[in-house]
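Residue-level listing of the chains:
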Amino acid sequence: MALIRLDGIVKTFRQGELEVRVLKDIALKVERGEFVAIMGSSGSGKSTLMYILGCLDTPTSGTYHLEGMDVSGLDDDALSAIRNSKIGFIFQSFYLIPYLDVLENVLVPTLYNPSPGDARGRALGLLDEVGLGERIGFSPGELSGGQKQRVAIVRALINDPDIILADEPTGQLDSSSSRQVMEILERLNRRGKTVIVVTHDPDTAGYARRRIMIEDGRIIQ
Amino acid sequence: MAESFNKASFFTTSSLKALGQNPARTLFAFLGISLGITSLVFIVAAIEGSNSKARHIIEMMGANTIFIRSGFGKRANIHHLRYKLDITDFKDLRRIEGVKTAAYLLVKMERIASASNARESMVMGAMSTFLETFDYRVNRGIAFRPTDYRSFAKVCIIGPELARFFFGAANPLGKFLRVNRTSFRIIGIYRSKGRLPNGMSLDDRLILPIETYRKFIEPEYKKVLGIELKVAPGADYQHIVEEARSILLRRHAKEDFVMITPEMVRKFLNVFNMTLSIYLGLASLVALFVGGFVLSNIFFINVKVRAWEIGIRRALGANRRTIMAQFLAESVAIALAGAIAGTCAGFLSIYLVMPMLGIPKVYPMKSLVIALLFATATGLVAAIMPAKKAADYRPVEALRSRL
Ligand SMILES: Nc1ncnc2c1ncn2[C@@H]1O[C@H](COP(=O)(O)OP(=O)(O)OP(=O)(O)O)[C@@H](O)[C@H]1O
Ligand SMILES: [Mg+2]
């Protein structure tokens, strides 16, 4: 059974009178433990697809099976719980909460986790692992881009999800920080996490073991 | 258990940190609520204070008491009061069925002197029932004996303040005080009665047997300042009040007396209370409303500015309820801080303003509870719409709102 299976996924946005069809009949299977890059030009629908994969948005039509369960019809509470426990998001612009320090930012997902366990212990271990063990009391404003993204990665991992979804994770980073970030993702993948990276940077996509091209709302390869 | 506690404390600190993010906005909302709570606390104390004043007055009168105070006539003067009630009135009233005891009262400001000292003080003429009905309890020496009344004995009972003034620590019993040219021997000192709510001392009086008073202080006088009736247990109080009034009206051309009953005191103070509550209640509601309005608007701005934060929290697994809870908690945190500050400011205003209103100062702890309740309610009501708006954001659009 595939970890992720999309069938006939369509996403349309209504803009006034106009209906914009952003995703057109997407079919996709991702197996557990894969490292996939989704590539395509700007506006092709990569982020939109990733939001649907992350249960952050629902398709207009089509079905989405996650671990064999049809999630296309679930309500907000159920989708929120799935995001919290099964999915870790990483974004281009980090989205660290400015008034919380590094450790607190990392712990935010545990607020929404009904059984967070020893979240603090896990957070400290993970921060150590990405080289931020000395920075737990820093505020996001005091960190470099690469450090911010590593904090975001730890935040994505704190509830031990199966799937890591990263939307242009290196989009705002220089090449050495990008390398660091991608090496962490590669390591996570080796440990069994399923990683899906949206990018139009070939170097970033190079870390993936499968590349998917999307153009004008369709997967072309 | 420990886990969920950690989560709660993290939830709380992160709410407080969020508020610290924009101190000016937070301060505005805080001040609005504080102001409302200040006036609320003030009202609670005003009501409590005037209630305790009423209780105090009624306690002093006794619940079964009817007091009739004489009018003074037009050109009243503290030294020559033209009382309208007289001894005949008293004798008529005493005969009403159901009246247990009756007493009348004569008072006059006089110069009281010892061998070495002198002061103006109130001299009262007391009937034998007087000490009981007015609750003057002699705790040093003795009360008047029946023979003291019949024999115009030149004896007196004085208040503890007067005793201290003339004799300091020495024993005043058996010593003499002079009023006009007559010396009176001190046979008793009554237990301290404290002060009236208006600050007037009840402990500086010199009491004489009524016959002695009429002979030596006001020989020609047939008039009395006041008549006090005590209603027997089980008698119809209201009926006796009516009867007393009609007896007096039969002898007096007009109502030149005032009947005072505990019920009337209560009613008067209730009206006073109600007026106060309405004005201040309105003021504090307006203040709370304005505070709530400010709070609400600040949270609308807050939610809008922090849309992307809502987006990322949703991505990290927050559902609609937890987003609402977050903003409600932030609002309630401001409101609770406002409640505590407002309660302090309210207590300060009680301290400063109550004396001007003649209301005893009270600092009821229940006003803190009321303040916390009202503030919480205001905080919740003010933030409910913004919080709902936050919860209604579509996560993806909220995320995209950051450029
Ligand atoms: N809420 C929306 N309403 C209307 N149109 C939208 C909305 N969200 C996305 N779109 C449109 O859908 C198309 C695809 O957007 P998407 O963000 O998925 O592209 P992308 O491939 O991620 O592009 P980029 O590489 O620039 O991030 C774009 O044309 C965009 O304008
Ligand atoms: Mg995109």
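These numbers come from a predicted model, not from an experiment.

Draft legend 1. Broad picture of the overall build of chain B. Helix and strand counts for chain B come out as 13 helices and 12 strands. Taking 403 residues into account, the globule formula puts the C-alpha radius of gyration at 22 Å, and chain B, at 33 Å, lies well above it. Oriented by its inertia axes, the alpha-carbon framework of chain B measures out at about 105 × 50 × 45 Å. The burial tally for chain B puts 48% of its 403 residues in the buried class. The contacts of chain B with a sequence gap of at least 6 include a subset with a gap of at least 24, amounting to 79%. Carbon and sulfur atoms form 63% of the exposed surface of chain B, whose accessible area is close to 19,900 Å².

Draft legend 2. Broad picture of the overall build of chain A. Along its length, chain A carries seven helices and 10 strands. The C-alpha radius of gyration of chain A comes to 17 Å, within 12% of the 17 Å expected for a compact globule of 221 residues. Counting only C-alpha atoms, chain A reaches 50 × 40 × 40 Å along its principal axes. Every one of the 221 residues in chain A was classed for burial, and the buried ones make up 55%. Pairs at least 24 residues apart make up 73% of the contacts formed inside chain A by residues separated by at least 6 positions. Roughly 9,200 Å² of accessible area belongs to chain A as shown, and the carbon and sulfur atoms make up 45% of that amount. In chain A, 25 positive and 30 negative side-chain charges are present, and the distance between their average locations comes to 3 Å.

Draft legend 3. Region of interest: the pairing of strand β6 (residues 87-91) of chain A. All names here are of chain A. Of all five residues making up β6, five are buried, and the element is well covered by its neighbours. Covered by surrounding structure in β6 are Ile87, Phe89 and Phe91 together with Gly88 and Ile90, the residues of both alternating faces. Across five bridges, the pairing between β6 and strand β7 (residues 163-167) is parallel. Paired with isoleucine 87 across the strands is isoleucine 163, a residue of β7.

Draft legend 4. Structural context of the side chain of Arg306(B). Its place among the elements puts Arg306(B) in the loop between α9 (262-305) and α10 (307-315). Judged by its relative accessible area of 3%, Arg306(B) falls in the buried class. In contact with Arg306(B), other than residues within four places in its own chain, are Tyr99(A), Ala18(B), Gln21(B), Gln326(B), Phe327(B) and Glu330(B).

Draft legend 5. Up close: the site of ligand 1. The immediate surroundings of ligand 1 are formed by Phe13(A), Gln15(A), Val22(A), Ser41(A), Ser42(A), Gly43(A), Ser44(A), Gly45(A), Lys46(A), Ser47(A), Thr48(A) and Arg400(B). In this structure ligand 1 sits where residues from chains A and B come together. In this structure, Ser42(A) approaches ligand 1 through a side-chain N or O atom, which is 2.5 Å from an oxygen atom. One of the side-chain nitrogen or oxygen atoms of Thr48(A) is found 2.5 Å away from an oxygen atom of ligand 1. The fraction of the free accessible surface of ligand 1 (630 Å²) that becomes covered by protein chains is 71%. Secondary structure elements with two or more residues in the shell around ligand 1: β1 (4-15) and α1 (46-53) of chain A. Considering every element that reaches the shell around ligand 1, the biggest residue donor is α1(A), with three residues. Residue composition of the shell around ligand 1, by class: two nonpolar, eight polar and two charged.

Draft legend 6. Spotlight on a nonpolar patch on the surface. Nonpolar side chains collect at one region of the surface, where Leu348(B), Tyr351(B), Leu352(B), Val353(B), Met356(B), Leu357(B) and Tyr363(B) lie side by side and expose about 700 Å² of accessible area between them. Mapped onto the fold, Met356(B) is located in helix α11 (residues 320-357).

Draft legend 7. The arrangement of the sheet that holds strand β4 (residues 61-66) of chain A in detail. All names here are of chain A. If you trace the four strands from one edge of the open sheet to the other, you get β2-β1-β4-β5, paired in antiparallel fashion. At either margin of the open sheet sits one strand with a lone partner, and together these are β2 (18-30) and β5 (69-70). By the bridge criterion, two bridges tie β4 to β5 in an arrangement that is antiparallel. Note that in β5 the partner of histidine 65 across the bridge is aspartate 70. Along the sheet face, α1 touches β1, β2 and β4 and points at about 120° away from the line of β1.

Draft legend 8. Up close: the sheet that holds strand β3 (residues 35-39) of chain A. All names here are of chain A. Spatial ordering of the open sheet is given by β6-β7-β8-β3-β9-β10, a layout of six strands whose pairing is mixed. Across the chains shown, the open sheet's two edge strands, defined by having one partner strand only, are β6 and β10 (218-219). With four bridges joining them, β3 and strand β8 (residues 194-198) adopt parallel strand pairing. Paired with valine 36 across the two strands is isoleucine 196, which belongs to β8. Docked against the sheet, helix α5 (residues 145-157) engages β6 and β7, running at close to 165° with respect to β6.

Draft legend 9. Spatial organisation of the interface of chain B and chain A. At the junction of the two partners, chain B supplies 30 residues and chain A supplies 32 residues. Taking both partners together, chain B and chain A bury about 2,900 Å²; carbon and sulfur atoms supply 60% of that area. It is Lys7(B), Phe10(B) and Leu316(B) that lose the most area in chain B upon contact with chain A, and together they represent 23% of the buried surface on that side. Across the contact surface, chain B and chain A share four salt bridges. Among the ionic pairs, Asp77(A) bridges to Arg321(B), the shortest N-O distance being 2.4 Å. At the junction of chain B with chain A, the criterion picks out 13 residue pairs in polar contact (both at pLDDT 80 or more).

Draft legend 10. Unusual backbone geometry, seen in detail. All names here are of chain A. The residue tyrosine 95 is not glycine, and still its phi comes out positive at about 55°. Inspection of the secondary structure puts tyrosine 95 in the loop between β6 and α3 (102-111). Residue tyrosine 95 is classed as buried on the basis of its relative accessible area of 6%.

Draft legend 11. Up close: the nonpolar core. Formed by 121 residues in total, the largest nonpolar core has its most connected members in Ile4(A), Leu6(A), Leu53(A), Phe91(A), Leu185(A), Ile37(B) and Ile312(B). Per-element accounting of this core gives the leading share, 10 residues, to α11(B). Discounting chain neighbours no more than four positions away, the residues touching Ile312(B) are Phe91(A), Tyr95(A), Ile97(A), Arg155(A) and Leu399(B). Counting 59 residues, the second-largest nonpolar core is a separate cluster that includes Leu93(B), Ala153(B), Leu177(B) and Ile227(B).

What counts and what doesn't
- Residues numbered from 1 in each chain as written.
- Chains lettered and ligands numbered in written order.
- Predicted model: local features only at pLDDT ≥ 70, side-chain atom pairs only at ≥ 80, totals over all residues.
- Heavy atoms only, no water.
- Helix = DSSP H or I, 4+ residues; strand = E, 2+ residues; numbered from the N terminus.
- Rg over C-alpha atoms; globule rule 2.2 N^0.38 Å.
- Buried < 20%, exposed > 50% of the residue type's maximum accessible area, 1.4 Å probe, protein only.
- Contact = heavy atoms within 4.5 Å.
- Areas by Shrake-Rupley, 256 points an atom, 1.4 Å probe, with all protein chains shown as cover.
- Lys, Arg positive; Asp, Glu negative; His and termini not counted.
- Charge placed at Lys NZ, Arg CZ, Asp CG, Glu CD.
- Pairing = 2+ DSSP bridges.
- Near = heavy atom within 4 Å.
- Polar contact = N/O pair within 3.5 Å; in protein donor to acceptor, adjacent residues only side chain to side chain.
- Nonpolar A, V, L, I, M, F, W, Y, C, P; charged D, E, K, R; others polar.
- Patch = residues over 30% accessible without salt bridge, like charges linked within 9 Å, V, L, I, M, F, W, Y side chains within 5 Å.
- Salt bridge = Lys/Arg side-chain N within 4 Å of Asp/Glu carboxyl O.
- Axes fitted to C-alpha atoms, helices over the stretch in contact; angles between N-to-C directions.
- Buried area = accessible area lost by both parts, 1.4 Å probe.
- Core = buried A, V, L, I, M, F, W, Y, C linked by side-chain atoms within 4.5 Å.

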